[in-house]
Amino acid sequence: MPIAHCPNCGTSYQGWALLSARHQTCTTCGQRLKIQLNDQIFNGYSPFDAEKLILNMTGDTPSPPPGEKKKGKREQ
Ligand SMILES: [Zn+2]
């Protein structure tokens, strides 16, 4: 059975529900949990991190330069 604890406030959790993303966030402070299953330790899901990831993806996506559609008129 996986166990977890919150690195921020120290609250402990255990149960198979920890494998579900919606249970990988501390219900006390909102920090993502450190989950231990057998010998593996991994970080739980945090909605804050997901939001950050989406923002990064948006920022890294290059917008097409103006004039991209006019490939027939490309000059060197
Ligand atoms: Zn906590």
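No experiment lies behind these values; they were computed from the predicted model shown. Counting restarts for each chain, with residues numbered from 1 along the sequence as it is written. Thresholds applied to this predicted model are a pLDDT of at least 70 for local features of residues and 80 or more for the giving and counting of side-chain atom pairs; totals over whole chains, interfaces and linings are not thresholded and use all residues.

A. Structural context of the overall build of the protein. Under the scheme used here, helices are H or I runs from DSSP no shorter than 4 residues and strands are E runs no shorter than 2 residues, and both carry numbers assigned from the N terminus. Broken down by element type, the protein carries one helix and four strands. When the helices and strands of the protein are listed from N to C terminus, the series reads β-β-β-β-α. Exposure classes come from backbone-placed C-beta atoms, where a residue is buried if 20 or more other C-beta atoms lie within 10 Å of its own, exposed if 12 or fewer do, and partly exposed in between. Buried positions account for 11% of the 76 residues belonging to the protein.

B. Up close: the nonpolar core. Definition of nonpolar core: a set of buried Ala, Val, Leu, Ile, Met, Phe, Trp, Tyr and Cys residues joined via C-beta atoms within 7 Å. Residues A4, C6, C26, L33 and I35 constitute the largest nonpolar core, which totals five residues. If we skip the residues at most four places from it in the chain, L33 touches A4, H5, C6, Y13, Q24, T25, C26 and G44. Here, residue contact means that the backbone-derived C-beta atoms of the two residues sit within 7 Å.

C. Inspection of the sheet that holds strand β3 (residues 34-37) at higher detail. When DSSP finds two or more bridges between a pair of strands, those strands are recorded as paired. Strand order in the open sheet made by the four strands is β2-β1-β3-β4, with antiparallel pairing throughout. Unpaired on one side and paired on the other, β2 (12-14) and β4 (40-43) mark the two borders of the sheet. Strand after strand, the sheet turns through a mean of 20 degrees between neighbouring axes, direction not considered. The pairing of strand β1 (residues 3-5) with β2 spans three bridges and is antiparallel. Note on β2: the bridge partner recorded for I3 is Q14. Here an axis means a line fitted to C-alpha atoms, over the contact stretch when the element is a helix, while the angle between two N-to-C directions is reported on a 0 to 180 degree scale.

D. Structural detail: unusual backbone geometry. At N38, a position not held by glycine, the phi torsion is positive, near 55 degrees. Relative to the assigned elements, N38 resides in the loop between β3 and β4. By C-beta crowding, N38 is classed as exposed, having 7 other C-beta atoms within 10 Å.

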